[in-house]
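Secondary and tertiary structure notes
Here is how the chains run, residue by residue.
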Amino acid sequence: MDVSNLQNHYPLLFEYLYDNGYSRCHILWMRRCIKLALNEGSSPEIDSYEQLYWHEVQQRGYKDAAPVRKTLKSILGCVKRFDLEGIYPQPKLYHGFLAPAKSYDLLNDENKSIIDHYELTARSGSKVAHTIYTECRAGILFLLHLQNVGALSISEVSEKQILDFFYDGEKIIRGKAYKEKLTPILKAAIALYGEPITKILSLIPSVPKSYPNYPYLTQLESEKFRTWLEEENSQHNKISSAWGHLKNVFNEAGVRKDGGRTGVRIFRHHLATALLGNQVPSPVIS
């Protein structure tokens, strides 16, 4: 790790700390981390501040939850930022040291070029920034998935690898909205890579639009209705306006008084569900 810049400029960092009233403890920790970087960081085995951090943790035997380990990470992150970017420590300034890598940064060069090309072409059009952002996020996730399952080049992508992005083997995990975000990214990439991208587009499944499960009537709720309707004092044989009276039935039976889907259609769904539960064939139910 090249520590020549830190060697030449670390006195400026201490001057800044003293001038801005940093505590003696903080300055001592900064001195310790700079010494660590200058002494250990210059060895051939260390090529980054991150590697220096893990080397020190192992040498000292720091446990995961040890407060000293958190302090080492924080102060060494400040030293790294000062050394590599010339940025001095500031309250509440997140140094990003050992932060998880961004998804985009995990893409290989080919996949990065697909995202970069789409973002460049999309910004010259009429799409708003938020739309471009959400589409790019979907594209990054898709391409990263392909990388993680072994497709290191778009020419190596198989149909199963694509399907696994949308299905987990039992159910759909990404729907039509996701496909609609991916399509413009891949279409734009045809200009870069041609036939392999066209092949990927042809292999993306026709994912149906997903709908939330209908709030069917439960067996307990059905029994409450039957009990109340069998009472002598119910008004059920005078119904002329189905919805208005049905609402009264819900209220009187004590079903979904605090909210939830009500109405005539819910009984049709309940009947179909009950028949299916009793092994009645689907054509008969229809």
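Before reading further, recall that the structure is shown in the block above.
Let us now look at the packing of helix H9 (residues 176–193) against helix H10 (residues 195–203). Helix-helix packing is characterised by the crossing angle of the two axes and by the distance between the axes. Close contact between H9 and H10 brings their axes to 7 Å; oriented N to C, the two are set at 155°. The angle between H9 and H10 places the two elements in the roughly antiparallel class. Like other packed secondary-structure pairs, H9 and H10 cross with a definite hand, here left-handed. Contacts between H9 and H10 pair Thr183, Leu186, Lys187, Ala189, Ile190 and Tyr193 from the former with Glu195, Pro196, Ile197, Thr198, Ile200 and Leu201 from the latter.

In this structure, Phe142, Ile162 and Ile200 are the most contacted members of the largest nonpolar core, which totals 29 residues. At the level of secondary structure, the elements contributing two or more residues to this core comprise helix H6 (109–123), helix H7 (129–148), helix H8 (159–166), H9 and H10. Those residues in contact with Ile162 that sit more than four places away from it in its chain are Phe142, Leu146, Val157, Ile200, Leu203, Ile204 and Pro205. Judged by nonpolar contacts, the second largest core, of 26 residues, contains Ile34, Leu36, Leu52 and Cys78.

Here the focus is empty space enclosed by the protein. The final tally for this structure, using the stated rule, is 1 cavity of 30 Å³ or more. Of the voids in this model, the largest cavity is the one considered here, and its volume is about 30 Å³. If you trace the largest cavity, you find it lined by Ile114, Gly139, Phe142, Leu143, Leu182, Ile185 and Leu186. Among the secondary structure elements, those contributing two or more residues to the lining of the largest cavity are H7 and H9. Of the residues belonging to the lining of the largest cavity, the class tally is 6 nonpolar, 1 polar and no charged.

What follows concerns the pattern of salt bridges. A full pass over the atoms with the stated rule returns 7 salt bridges. One salt bridge in this structure joins Arg123 and Glu119, with 2.9 Å as the shortest N-O distance. Taken together, the residues span about one helical turn, with Arg123 and Glu119 both in helix H6 at a distance of 4 residues. The partner of Asp168 in a salt bridge is Lys171, with the nearest N and O atoms 2.9 Å apart. Shared partners join several salt bridges into a network, and the residues in it are Arg32, Glu56 and Arg60.

About the criteria used
- Residues numbered from 1 in each chain as written.
- Predicted model: local features only at pLDDT ≥ 70, side-chain atom pairs only at ≥ 80, totals over all residues.
- Heavy atoms only, no water.
- Axes fitted to C-alpha atoms, helices over the stretch in contact; angles between N-to-C directions.
- Helix = DSSP H or I, 4+ residues; strand = E, 2+ residues; numbered from the N terminus.
- Parallel < 35°, antiparallel > 145°, perpendicular 65-115°, else oblique.
- Left-handed = near helix turned anticlockwise from the far one by under 90°.
- Contact = heavy atoms within 4.5 Å.
- Core = buried A, V, L, I, M, F, W, Y, C linked by side-chain atoms within 4.5 Å.
- Buried < 20%, exposed > 50% of the residue type's maximum accessible area, 1.4 Å probe, protein only.
- 1 Å grid on protein atoms, 1.4 Å probe; cavity = no way out; pocket = protein on both sides within 12 Å on 5 of 7 lines; lining within 4 Å.
- Points joined across faces, edges and corners; volume = space filled by probe spheres on them.
- Nonpolar A, V, L, I, M, F, W, Y, C, P; charged D, E, K, R; others polar.
- Salt bridge = Lys/Arg side-chain N within 4 Å of Asp/Glu carboxyl O.

Everything listed is a geometric property; what it means functionally is a separate question.
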